[in-house]
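Residue-level structure breakdown
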Amino acid sequence: MCQCSTPFFHHPPQSSVSIHLPEWINSVVDWNTPLTNDSEKMALALLLAAENVKRQTGGPFATIIVHKKSGMLLSVGVNQVVPQTNSTLHGEVMAIMMGEQRLKQYSLSQTADEYELFTSCEPCAMCMGAILWSGVKRLICSATGDDARAIGFDEGPVFESSYDYIQNAGIEVVRKVLQEQGQAVLNQYIASGGTLYNGAAE
């Protein structure tokens, strides 16, 4: 008889998952003031990523979703993979989930309103898919996938054709907005001893 170790049996099966943003978010985010341009919007995403590193509450990635016409914030997300033991909790996924829950919609394109997603680094393969399904109309990125790979993160199968695909699906893409600042957040994460949590690297 096999005596294989089955460590997951030491814990009962899960019937629910609780997901939350760090407690400090509302002390940093001004929900009542509109953001007026791409640089200002990206600066907030980068601030959230930097704070996540500084406060040691997750990885060096953050995302905001903005109502395109008014400039008002719908939602924000910071990477929560390590603190919430969930490999899917990237900044983009967090922001998308929070935004859809706020609107009580499964897609951000269910109304005539349009939303745009600003992320501190180009999305990984998982987040690229989540962005496609989310219904946002613009994707704006700061640091590049190469910047993330340079510090040891594996972004998965994301190619130039991936960006072509989502643009053909009706999502405008803008890349390298405040790229140097985005790259600096990644480098600070590694310099401060941040965990590289790629599944294959464990």
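Shown above is the structure to which this text applies.
Summarised in this report is the structure supplied together with it. The structure presented is a predicted model; accordingly, all values stated were derived computationally and were not measured.

Criteria and thresholds
- Residues numbered from 1 in each chain as written.
- Predicted model: local features only at pLDDT ≥ 70, side-chain atom pairs only at ≥ 80, totals over all residues.
- Heavy atoms only, no water.
- Helix = DSSP H or I, 4+ residues; strand = E, 2+ residues; numbered from the N terminus.
- Rg over C-alpha atoms; globule rule 2.2 N^0.38 Å.
- Buried < 20%, exposed > 50% of the residue type's maximum accessible area, 1.4 Å probe, protein only.
- Phe/Tyr/Trp six-rings, centres within 6.5 Å; stacked < 30°, edge-to-face > 60°.
- Lys NZ or Arg CZ within 6 Å of the ring centre and 35° of its normal.
- Pairing = 2+ DSSP bridges.
- Axes fitted to C-alpha atoms, helices over the stretch in contact; angles between N-to-C directions.
- Contact = heavy atoms within 4.5 Å.

Our focus in this paragraph is the overall build of the protein chain. The number of helices and strands found in the protein chain is seven helices and five strands. Along its sequence from the N terminus, the protein chain presents helices and strands in the succession α-α-β-β-α-β-α-β-α-α-β-α. For the protein chain, whose C-alpha radius of gyration is 17 Å, the value lies close to the compact-globule estimate of 17 Å for 202 residues. For the C-alpha atoms alone, the extent of the protein chain along its principal axes is close to 65 × 40 × 40 Å. Of all 202 residues assigned to the protein chain, the portion counted as buried reaches 46%.

Two numbers describe a pair of aromatic rings. These are the distance of the centres and the angle of the planes. If you walk through the whole model with that rule in mind, you get three aromatic pairs. Against the face of Y163 rests R175, its NZ or CZ located 3.8 Å from the ring centre.

What follows is about the sheet that holds strand β3 (residues 115-121). Note: strands within a sheet are paired through backbone hydrogen bonds, in either parallel or antiparallel orientation. A sheet is described by the order of its strands in space; here five strands give the open sequence β2-β1-β3-β4-β5, paired in mixed fashion. Every interior strand has two partners, whereas the edge strands, β2 (73-78) and β5 (172-174), have only one. In this sheet, neighbouring strand axes are inclined to one another by 15 degrees on average, regardless of whether the strands run parallel or antiparallel. Note: strand β1 (residues 62-67) against β2, five bridges, orientation antiparallel. Bridged to V66 within β2 is L73.

Once that is clear, we can look at the environment of L108. Topologically, L108 is positioned in the loop between α3 (91-103) and β3. L108 gets classed as buried once you look at its relative accessible area, which sits at 0%. Separated by 12 residues in sequence, L108 and I96 place their C-alpha atoms 8.4 Å apart. In this structure, L108 is in contact with I65, L74, G99, E100, L103, D113, Y115, S134, G135 and V136, ignoring residues within four places of it in sequence.

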